[in-house]
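Here is what each chain is made of, one letter per residue.
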Amino acid sequence: MKKVVILISGRGSNMQAILDARLPLTVAAVISNDSSAAGLEFARASGVATRVVDHRAYAERAAFDAALAAEIDEFKPELVVLAGFMRILTDGFVRRYAGRLINIHPSLLPVFPGLHTHRRALEAGVRVHGCTVHFVTPTLDHGPIIVQAAVPVAHDDTEDTLAQRVLAEEHRIYAQAVRWFCEDRLEIRDDGTVRLARAQDAVGALCSPACEA
Ligand code: NHR
Ligand code: GAR
């Protein structure tokens, strides 16, 4: 079974969804850049090893990333999962985990990269919003797309109601994407798109590119 390390910064509900999905993998550790992250409690209660690497203890991003990588590498994971992880990672870090570092972003990329996506979706008046699981590359929120889910925007949505609707989809597609990775079904093609092998079970998922039968 593949070993996975999950990086969080806060609540950790996406991490929790991955643990609760009882996937055929071992969550070797949960690491946070913030010792007060609520998700650490849940991880401990689930019997998962936890670590904290506080970014405030490092003057430079590269030093923080090196310390973070050292903790991750202790667990020798095949996959590193960003689950509400809030620190931008340096090119060196991203290259070290190329092809085995994934993120969930609360928008339908490539629209609304960066922060405050739900507010920006409401301000733009979009009728459809959602979330994206993608491989992480040095360019923020621009890596190869693995899976997306769309939700409608209601006329009376607030940032909170919209975030809640998106979050329910995040929990579903993130567990799905992690499962696909662990089943060796994801291939990053030379053109930067992702191919999902044996896509028949991807019902209710929007795949990029169009799923192969
Ligand atoms: N790093 C790289 N190189 N590439 C990506 O695609 C990354 C990444 C690190 C994190 C998650 C991302 C998201 O899903 C992610 C993708 C943090 C920020 C940010 O501005 C932006 C995007 C994402 C995560 N962080 C501030 C910083 O200075 C701190 C903000 C805070 O602490 O609240 O690092 O949206
Ligand atoms: C999620 O909505 C995730 O997509 C988003 O933060 C939330 C974390 O929730 N991630 C980002 O905005 C990354 N910049 P969680 O801690 O409960 O998983």
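Positions within a chain are numbered from 1, following the residues in the order the chain's sequence is written. Chain letters and ligand numbers both follow the written order, the letters beginning at A and the numbers at 1. Only residues with pLDDT of at least 70 get local features here, since the model is predicted, and only at 80 or more are side-chain atom pairs given and counted; chain-wide, interface and lining totals rely on the full set of residues. Side-chain numbers come from the whole structure's heavy atoms, not from hydrogens or water.

Participant: What should I look at first to understand the packing of helix α5 (residues 117-124) against helix α6 (residues 159-182) in this one?
Facilitator: Packed helices, taken two at a time, are described by the angle between their axes plus the distance between the axes. Orientation is described by axes fitted as lines to C-alpha atoms, over the contacting stretch for helices, and by angles from 0 to 180 degrees between their N-to-C directions. Helix and strand definitions follow DSSP, with helices as H or I runs of at least four residues and strands as E runs of at least two, each counted in order from the N terminus. The geometry of α5 relative to α6 is characterised by a closest axis approach of 9 Å and an angle of 115° between their N-to-C directions. In terms of orientation, α5 lies roughly perpendicular with respect to α6. Crossing handedness for the pair α5 and α6: right-handed. Together, His 118, Arg 119, Ala 121 and Leu 122 of α5 and Glu 159, Leu 162, Ala 163 and Val 166 of α6 make up the contact between the two elements. Classifying every residue of the contact of α5 with α6 gives 5 nonpolar, 1 polar and 2 charged. When an angle is under 35 degrees it counts as roughly parallel; over 145 it counts as roughly antiparallel; between 65 and 115 it counts as roughly perpendicular; any other value is oblique. By convention the crossing between two helices is left-handed if the near helix lies anticlockwise of the far one by an angle smaller than a right angle, and right-handed if it lies clockwise. The contact criterion used is simple: two residues touch if any of their non-hydrogen atoms lie within 4.5 Å. Gly is placed with the polar residues, together with every amino acid not listed as nonpolar (Ala, Val, Leu, Ile, Met, Phe, Trp, Tyr, Cys and Pro) or charged (Asp, Glu, Lys and Arg).

Participant: Any chance you could explain the packing of helix α1 (residues 13-20) against α6 here in plain terms?
Facilitator: The geometry of α1 relative to α6 is characterised by a closest axis approach of 9 Å and an angle of 50° between their N-to-C directions. In terms of their interaxial angle, α1 and α6 are classed as oblique. Read as a crossing pair, α1 and α6 show a hand that is right-handed. On α6, the residues that touch Ser 13, Asn 14, Ala 17 and Ile 18 of α1 are Leu 167, Glu 170, His 171, Tyr 174, Ala 175 and Val 178.

Participant: Looking at this structure, how should I read the site of ligand 1?
Facilitator: When at least one non-hydrogen atom of a residue lies within 4 Å of a molecule or strand, that residue is treated as near it. In the vicinity of ligand 1 lie 20 residues, with Arg 61, Met 86, Asn 103, His 105 and Asp 141 positioned nearest. Within the backbone of Thr 137, an N or O atom sits 2.9 Å from a nitrogen atom of ligand 1. Counting of polar contacts relies on pairs of N or O atoms within 3.5 Å, with two restrictions inside protein: one atom must be capable of donating a hydrogen and the other of accepting it, and residues adjacent in sequence are counted only when both atoms are side-chain atoms. Pro 138 places a polar main-chain atom, nitrogen or oxygen, 3.4 Å from a nitrogen atom of ligand 1. When isolated, ligand 1 has an accessible area of 720 Å², and the protein chains bury 82% of it. Sorting elements by how many residues they give to the shell around ligand 1 places strand β5 (residues 101-105) first, with 3 residues. Of the residues that constitute the shell around ligand 1, the class distribution is 11 nonpolar, 6 polar and 3 charged. The Shrake-Rupley method, run with a 1.4 Å probe sphere, supplies the accessible areas, and residue values consider only the shown protein chains as cover.

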